Protein chains: 2
Amino acid sequence: MRAEIITIGDELLIGQVVDTNSAWMAQKLNEIGVELYRITSVHDEGEQIISALDKAFDEVDIVLTTGGLGPTKDDITKHVLCDYFGTHLIEDTRVRSHIESLYANRPDVLNRLTATQWMVPKAADILPNRVGSAPLMIFHHGTQILASMPGVPYEMEIAMEEQILPYLQQSVISHQHSAILHRTLQVTGIPESKLAILLEDYENAMPKGLHLAYLPKDGLIRLRLSSYGEMSEQEMEIWFEQLKEAVKDFLIAETDEPLEVIVGRKLIERHATIATAESCTGGKLGVLLNKHAGSSAFYKGTIVSYATSVKEEVLGVPAELIKAHTVVSEEVARTMAESVRILLNTNYGIATTGIASATGGYTNDQVGTVWMAWATPQGTYAERFQLGKLREQITDRACQKALVGLLKIINHKS
Amino acid sequence: MRAEIITIGDELLIGQVVDTNSAWMAQKLNEIGVELYRITSVHDEGEQIISALDKAFDEVDIVLTTGGLGPTKDDITKHVLCDYFGTHLIEDTRVRSHIESLYANRPDVLNRLTATQWMVPKAADILPNRVGSAPLMIFHHGTQILASMPGVPYEMEIAMEEQILPYLQQSVISHQHSAILHRTLQVTGIPESKLAILLEDYENAMPKGLHLAYLPKDGLIRLRLSSYGEMSEQEMEIWFEQLKEAVKDFLIAETDEPLEVIVGRKLIERHATIATAESCTGGKLGVLLNKHAGSSAFYKGTIVSYATSVKEEVLGVPAELIKAHTVVSEEVARTMAESVRILLNTNYGIATTGIASATGGYTNDQVGTVWMAWATPQGTYAERFQLGKLREQITDRACQKALVGLLKIINHKS
């Protein structure tokens with residue numbers, strides 16, 4: 001089964017909003033065995049929406065649209081879908097009472113524009129939107145279907161999880177479909193082209209229907225094996241194990257999970273805690289570590305010592321040490337990591353100090369230099385990195401290096 | 001002039017990567033007067049790429065493709081473009097010497113797969129890729145053009161800034177084109193539907209060719225006026241001023257800049273400094289404040305007191321206060337904000353403490369409660385918010401509330 005996502009909204013095409021919905025939806029579709037064939041983003045413009053619908057119905061079984069369902073004039077998706085499917089709007093009393101109860105405590109929202117939200121296309125199946133006013137609409141087009149949902153990410157996510165995906169599983173997807181399988185490894189410490197040469201024999205031996213993709217980012221390469229219904233799980237497992245063996249010297253993770261999730265799990269398994277002292281990364285490493293629910297089991301806190309005075313006064317880095325070695329030095333990184341580990345009473349402390357932009361007296365040549373230290377029960381390790389020239393690239397890569405370094409230490413020491 | 005972006009890569013369609021490139025490119029295209037008509041994302045699959053190219057050349061003047069240019073087998077864009085434009089690969093000595101110098105210190109990268117990168121389509125104009133090995137390619141299709149560039153975001157950005165955009169401006173775009181104009185306001189404290197009712201007269205009076213869009217997110221609504229070459233800058237300015245007047249009671253920003261940029265500018269103007277003490281936001285507010293180059297002029301640091309012990313021992317919040325009021329309370333938020341302001345010696349201190357998930361003994365009813373405090377030279381302000389039920393939504397909204405609150409305080413006090 002194939003699907004297309006059509007995202008509707010001028011904001012996407014003038015670059016005011018990044019489309020994060022499609023990637024999220026793609027994962028969920030793959031999980032229920034639906035291949036996402038294409039993503040198309042179009043303006044809030046009738047003819048363009050209709051042209052995208054025509055093209056989608058030529059090629060896929062399921063069309064998912066997001067966006068254009070607000071109560072304001074710029075949102076036209078519902079009206080365009082009415083025209084496209086030759087139907088008209090009628091009042092839906094269930095949607096009306098849902099909206100009235102949703103905004104029971106906010107009378108200023110229950111106005112005549114909001115009232116347009118309970119007018120729904122007669123020909124559509126209406127599913128409830130638990131968290132918003134725009135109803136979810138399912139249209140039938142022969143054996144094909146179209147589902148329309150809001151573009152606000154958390155509304156779309158709840159709509160998909162609670163309504164659209166169960167609907168597709170019950171009504172649309174044949175239960176004999178073959179699964180779409182993806183397995184991902186993460187490797188580090190080898191250039192992409194060299195890795196591909198290492199894997200040449202492996203790739204040449206791969207059967208038709210098995211695909212290998214290389215996704216390099218921030219010094220990590222994700223290696224993904226995919227099969228679109230042409231291979232059993234057992235066969236996939238055999239190929240995955242062979243891939244693991246082939247790259248074992250560079251392997252850092254056996255799943256596609258973010259590194260901070262793997263780090264968190266390993267820390268919890270060891271009943272260990274962590275804190276960070278961050279200068280150039282500005283708290284990003286701490287945000288990664290506490291991003292997921294349950295992180296309070298291993299993450300205790302962060303001190304972002306952006307100003308030198310904070311390094312001295314809060315982290316207790318001696319002024320003479322900074323004077324002797326500069327703030328971006330092995331000595332300062334080590335002291336920061338050890339201080340935050342003691343101050344926050346954790347098993348591990350990670351510190352970053354580096355130059356993320358050519359301001360504050362630094363030259364362009366110096367940009368990208370980062371010193372990092374890991375204070376552990378077995379001692380403190382430090383390493384110097386050169387992480388590029390762009391601010392965001394440098395800080396993102398530094399976070400990856402910090403997590404990779406910690407994983408290596410934890411794996412080695414246990 | 002109209003453009004289409006075609007992003008190529010299985011990783012986009014299985015949800016392994018979010019397409020952030022298109023939004024960035026859209027902004028840059030608009031700045032040089034090119035309207036982005038559509039974005040299409042397709043698999044690394046020859047027929048699908050060709051079908052997307054055919055459709056794009058039916059409707060737009062400029063086609064921009066990203067992705068599929070790596071040295072590994074899964075990347076096929078260059079070969080597909082060769083077939084499409086009826087040309088073949090030849091060695092490019094300039095590209096070769098560039099790649100050889102780029103990797104002069106990394107002999108393991110200069111292998112036979114990397115060598116395929118200096119084979120380029122004979123019919124294409126080749127532009128240099130300063131930071132990577134994949135050459136930038138321009139193909140001509142009658143009066144239309146196609147530019148192909150890598151999908152790695154920072155490589156694409158440098159390619160666009162340094163090569164593709166100047167090329168389009170010199171060679172493709174008529175200098176008589178009318179500008180695409182966007183002006184955005186940000187408002188807060190009014191529901192979207194009520195705002196639309198408030199603006200009904202304004203919208204009814206708007207001339208054809210002027211568009212108003214509502215973009216609500218995290219409690220802020222961005223109101224965007226757009227004109228695609230049908231209005232002069234002076235006319236736009238008049239309509240923008242009228243819009244500002246109509247929403248003045250809810251106005252928080254007169255540009256589309258992120259709030260942290262506006263906050264940073266106002267702090268620098270006032271020679272003021274800031275620090276944050278964060279619990280539920282986990283350092284996200286600090287990351288926002290130090291996200292942009294030059295932030296060290298006003299941002300000094302953050303203490304993320306995720307664990308209660310850090311609130312007590314680093315921020316000096318008395319254990320009795322926490323016992324008496326719980327960690328998520330006005331009293332604790334106030335003390336955190338005042339402590340971090342004193343500890344880091346800044347003019348402003350912002351604190352957040354709240355419940356971002358139903359772990360650690362909290363019930364689902366309690367999730368979303370956030371206490372926030374702003375310690376300022378004029379005293380400390382505190383406010384309680386209810387910010388939804390989803391972890392990321394709660395923390396993102398809390399950061400917006402913190403910045404909105406600070407802007408109101410700064411604007412009011414100066």
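Note that the structure is a prediction, hence the values are computed from the model and not measured.

A.B. asks: What is the right way to read the relation of the copies chain A and chain B from this model?
C.D. replies: What relates the two chain copies is a rotation about an axis together with a slide along it. Mapping chain A onto chain B is achieved by rotating through 180° and translating by 0.0 Å along the same axis, at an RMSD of 0.1 Å. Such a combination of rotation and displacement between the chain copies is what one expects of a two-fold axis. With an isologous cut-off of 70% or more, the 100% of interface residues of chain A that recur at the interface of chain B puts this contact in the isologous class.

A.B. asks: What should I look at first to understand the sheet that holds strand β11 (residues 220–228) of chain B in this one?
C.D. replies: Sheet strands pair via backbone hydrogen bonds, and the direction of the pair is either parallel or antiparallel. All names here are of chain B. Overall, antiparallel pairing links the 4 strands, which are arranged β10-β11-β9-β12 in an open sheet. Each end of this open sheet is capped by a strand with a single partner; those strands are β10 (211–217) and β12 (251–253). Strand-to-strand twist in this sheet, taken as the mean axis angle between neighbours without regard to direction, amounts to 35°. Direction of pairing for strand β9 (residues 180–188) relative to β12: antiparallel, over a ladder of 2 bridges. Bridge pairing in β12 places Gln-186 opposite Ala-253.

A.B. asks: Just to check I follow, could you spell out the packing of aromatic side chains for this structure?
C.D. replies: By convention here, two paired aromatic rings are described through the distance between centres and the angle between planes. Counted according to the given criterion, the structure contains 12 aromatic pairs over all chains. Between Phe-57 of chain A and Tyr-84 of chain A, the ring centres sit 6.2 Å apart and the planes meet at 15°, which makes this aromatic pair stacked. With Phe-57 of chain A in helix α3 (residues 46–59) and Tyr-84 of chain A in helix α4 (residues 77–84), this residue pair connects regions lying 27 residues apart in the sequence. For Phe-57 of chain A, a relative accessible area of 8% corresponds to the buried category. Taking 5.5 Å as the distance between ring centres and 75° as the angle between the ring planes, the aromatic pair formed by Tyr-202 of chain B and Trp-239 of chain B counts as edge-to-face. Remark: Trp-239 of chain B occurs in helix α10 (residues 233–246) and Tyr-202 of chain B occurs in helix α9 (residues 200–205); sequence separation between them is 37 residues. Residue Tyr-202 of chain B shares its accessibility class with Trp-239 of chain B, and that shared class is buried.

A.B. asks: What's the story with the sheet that holds strand β9 (residues 180–188) of chain A in this structure? I'm lost.
C.D. replies: Residues and elements named next belong to chain A. Within the open sheet, the 4 strands sit side by side as β10-β11-β9-β12. Their pairing is antiparallel. With one partner strand each, in any of the chains shown, β10 (211–217) and β12 (251–253) form the two edges of the open sheet. Pairwise comparison of adjacent strand axes, ignoring direction, gives a mean angle of 35° for this sheet. Here 9 bridges tie β9 to strand β11 (residues 220–228), and the two strands are oriented antiparallel to one another. Across the sheet, residue Ile-180 finds its bridge partner in β11, namely Tyr-228.

A.B. asks: Teacher, can you tell me more about the interface of chain A and chain B here?
C.D. replies: In many analyses, interface size is given as the accessible surface area lost on bringing the parts together. Contact residues are listed per partner, giving 92 residues for chain A and 92 residues for chain B. Summing the contributions of chain A and of chain B, the shared interface buries around 7,400 Å²; its carbon and sulfur component is 56%. Looking at the side of chain A facing chain B, the largest losses of area belong to Ile-14, Gln-16 and Tyr-306 of chain A, adding up to 8% of the total buried there. Note that Glu-200 of chain A is salt-bridged to Arg-112 of chain B, the shortest N-O span being 2.7 Å. If you look at where chain A meets chain B, you find 48 residue pairs in polar contact (both at pLDDT 80 or more). Take the side of chain A that touches chain B: its biggest share by element is 8 residues, from strand β2 (residues 35–42) of chain A. Taken together, the residues that form the side of chain A that touches chain B break down as 36 nonpolar, 32 polar and 24 charged. When β2 of chain A meets strand β2 (residues 35–42) of chain B, the two strands line up antiparallel, connected through 5 bridges. By the bridge assignment for β2 of chain B, Ser-41 of chain A is matched with Ile-39 of chain B.

A.B. asks: Looking at this structure, how should I read the domain arrangement of chain A?
C.D. replies: Residue and element names in this part refer to chain A. The domain boundaries assigned to chain A delineate domain 1 (2–172), domain 2 (180–253) and domain 3 (259–413). Computed over C-alpha atoms, the centres of domain 2 and domain 3 are 31 Å apart. Between domain 2 and domain 3, the contact holds 6 residues from the first and 8 residues from the second. For the pair domain 2 and domain 3, the summed buried surface comes to about 650 Å²; carbon and sulfur atoms form 68% of the total. Of all residues in domain 2, Asp-218, Leu-220 and Ile-252 bury the most surface against domain 3, accounting for 70% of the area lost on that side. Taken together, the connections running from domain 2 to domain 3 amount to 0 salt bridges. Scanning the region where domain 2 abuts domain 3 turns up 0 residue pairs in polar contact (both at pLDDT 80 or more).

A.B. asks: Even after reading the chapter, I still don't get the pairing of strand β3 (residues 62–66) of chain B, so can you show me in this structure?
C.D. replies: A regular strand places its side chains on the two faces of the sheet in alternate fashion. Residue and element names in this part refer to chain B. The element β3 is extensively covered by neighbouring structure, given that 5 of its 5 residues are classed as buried. Where burial is concerned, the two faces of β3 agree: the one with Ile-62, Leu-64 and Thr-66 and the one with Val-63 and Thr-65 are both buried. Examined bridge by bridge, strand β1 (residues 2–8) and β3 share 5 bridges and lie parallel to one another. When the sheet's bridge partners are listed, Thr-7 is paired in β3 with Thr-66. Across 5 bridges, the pairing between β3 and strand β8 (residues 144–149) is parallel. Looking across to β8, one finds that Ile-62 is bridged to Ile-145.

A.B. asks: For this particular structure, what's the right way to read the confidence of the model for chain A?
C.D. replies: Low pLDDT marks regions whose predicted coordinates should not be analysed in detail. Of all residues in chain A, 98% attain a pLDDT of 70 or more, and the chain-wide mean is 93. Interface confidence for the predicted complex, given as ipTM, is 0.85, next to a pTM of 0.85.

A.B. asks: Explain the layout of surface pockets to me, please; I cannot follow it from the model alone.
C.D. replies: Remark: the empty space left among the atoms is shown by a probe the size of a water molecule rolled over them. Put simply, the second largest pocket is a space of about 680 Å³. Every residue lining the second largest pocket is counted, 27 residues in all, and those nearest its centre are His-211 and Tyr-228 of chain A together with Asp-10, Asp-44 and Glu-45 of chain B. Mapped onto the lining of the second largest pocket, the elements with two or more residues apiece are β2, β10 and β11 of chain A. When grouped by side-chain class, the residues that make up the lining of the second largest pocket number 10 nonpolar, 7 polar and 10 charged.

A.B. asks: Is there a simple way to think about the pairing of strand β7 (residues 136–141) of chain B in this case?
C.D. replies: Residue and element names in this part refer to chain B. In this structure, strand β6 (residues 125–127) lies alongside β7, joined through 3 bridges in antiparallel fashion. Of the residues in β7, the one forming a bridge with Asp-125 is Ile-138. Across 5 bridges, β7 lies against β8 in antiparallel orientation. Along β8, the bridge assignment pairs His-140 with Ile-145. Where β7 hands over to β8, the hairpin turn is made up of 2 residues, of which Gly-142 adopts a positive phi near 65°.

Rules of the game
Residues numbered from 1 in each chain as written. Chains lettered and ligands numbered in written order. Predicted model: local features only at pLDDT ≥ 70, side-chain atom pairs only at ≥ 80, totals over all residues. Heavy atoms only, no water. Least-squares fit on C-alpha atoms with pLDDT ≥ 70 in both. Contact = heavy atoms within 4.5 Å. Pairing = 2+ DSSP bridges. Helix = DSSP H or I, 4+ residues; strand = E, 2+ residues; numbered from the N terminus. Axes fitted to C-alpha atoms, helices over the stretch in contact; angles between N-to-C directions. Phe/Tyr/Trp six-rings, centres within 6.5 Å; stacked < 30°, edge-to-face > 60°. Buried < 20%, exposed > 50% of the residue type's maximum accessible area, 1.4 Å probe, protein only. Buried area = accessible area lost by both parts, 1.4 Å probe. Salt bridge = Lys/Arg side-chain N within 4 Å of Asp/Glu carboxyl O. Polar contact = N/O pair within 3.5 Å; in protein donor to acceptor, adjacent residues only side chain to side chain. Nonpolar A, V, L, I, M, F, W, Y, C, P; charged D, E, K, R; others polar. Domains from an automatic or database assignment. pLDDT = per-residue confidence, 0-100. 1 Å grid on protein atoms, 1.4 Å probe; cavity = no way out; pocket = protein on both sides within 12 Å on 5 of 7 lines; lining within 4 Å. Points joined across faces, edges and corners; volume = space filled by probe spheres on them.

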